[in-house]
Amino acid sequence: MKTPLERARSYFQADRFATQALGAQIDEVREGYARCSLRLEEKHRNAQGAVMGGVLFTLADFAFAVASNLDHPPTVSLCSQIAFLAPPAGDTLCAEASVVRDGRSTCFYRVTVTDERGAIAAEVTVSGFVKRYPAGEKHNAPEVSAP
């Protein structure tokens, strides 16, 4: 039987923009939480040589998707807000998504994006919509049990 991390990686490899184009990977997952990271490359930089804001946002959005969709009905972002706090330093970024509130049809997550020094580069808040299926209808999100 696959571990929760293996199931999450298998399922989210279909998120080709985050995993292939961006290079994001899932490092840890548990109920209401995910940590994702990426190694920065030249393709992640803007014309000024700084990390493109969209890179931070996409990594945060991916961490939200992983945290909110495992062992839950499919969940999508309704509204996201990002605050860019400092330019990231080093060669890696990490996004940690944690549930703040998980309701019947909506949820709220906080995602912190840090650089390799642990300095906070961005804070993201996400309101999500939880798709509920009629009784007996199965969704295709992987199930991950809490530790």
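Before reading on, note that the structure itself is shown above.
Now for a quick tour of the structure. (Residues numbered from 1 in each chain as written. Predicted model: local features only at pLDDT ≥ 70, side-chain atom pairs only at ≥ 80, totals over all residues. Heavy atoms only, no water.)

Right, let's get into the pairing of strand β6 (residues 120–130). For a regular strand, the rule is simple: side chains alternate between the two faces of the sheet. Relative to β6, strand β3 (residues 75–84) runs antiparallel, the two being bridged by nine bridges. Note on β6: the bridge partner recorded for Phe84 is Ala122. Sheet topology places strand β5 (residues 106–115) next to β6; nine bridges connect them, and they run antiparallel. Following the sheet pairing, Val111 is matched in β6 by Val124. (Pairing = 2+ DSSP bridges. Helix = DSSP H or I, 4+ residues; strand = E, 2+ residues; numbered from the N terminus.)

Across the sheet, which stays open at both edges, the six strands sit in the order β1-β2-β4-β5-β6-β3 with antiparallel pairing between neighbours. Edge positions in the open sheet fall to β1 (25–30) and β3, since each of these has one partner strand only. Shown here is a sheet whose adjacent strand axes are inclined to one another by a mean of 20°, direction ignored. Direction of pairing for β1 relative to strand β2 (residues 33–39): antiparallel, over a ladder of five bridges. (Axes fitted to C-alpha atoms, helices over the stretch in contact; angles between N-to-C directions.)

On to the pattern of salt bridges, then. For side chains bearing opposite charge, pairing can occur when the charged atoms are close. Considering all chains together, one arrives at four salt bridges under this definition. Note that Arg30 is salt-bridged to Glu28, the shortest N-O span being 2.5 Å. A relative accessible area of 34% places Arg30 in the partly exposed class. On the basis of relative accessible area, Glu28 is assigned to the partly exposed category, the value being 26%. Because the salt bridges share partners, they merge into one network encompassing Glu28, Arg30 and Arg35. (Salt bridge = Lys/Arg side-chain N within 4 Å of Asp/Glu carboxyl O. Buried < 20%, exposed > 50% of the residue type's maximum accessible area, 1.4 Å probe, protein only.)

In this structure, Leu59, Phe62, Val66, Leu93 and Val111 are the most contacted members of the largest nonpolar core, which totals 35 residues. The set of elements that each furnish at least two residues to this core consists of α1 (4–12), α2 (16–22), β1, β2, α3 (53–69), β4 (92–102), β5 and β6. Per element, the largest residue contribution to this core is ten residues, and it comes from α3. When residues no more than four places from it in sequence are discounted, the contact partners of Leu93 are Cys36, Ser37, Leu38, Leu40, Val51, Val55, Leu56, Leu59, Pro88, Val113, Thr114 and Asp115. (Core = buried A, V, L, I, M, F, W, Y, C linked by side-chain atoms within 4.5 Å. Contact = heavy atoms within 4.5 Å.)

Residue placement: Ser37 occurs in strand β2. A relative accessible area of 12% places Ser37 in the buried class. Side-chain polar atoms of Ser37 contact the side chain of Asp27, separated by 2.7 Å. (Polar contact = N/O pair within 3.5 Å; in protein donor to acceptor, adjacent residues only side chain to side chain.)

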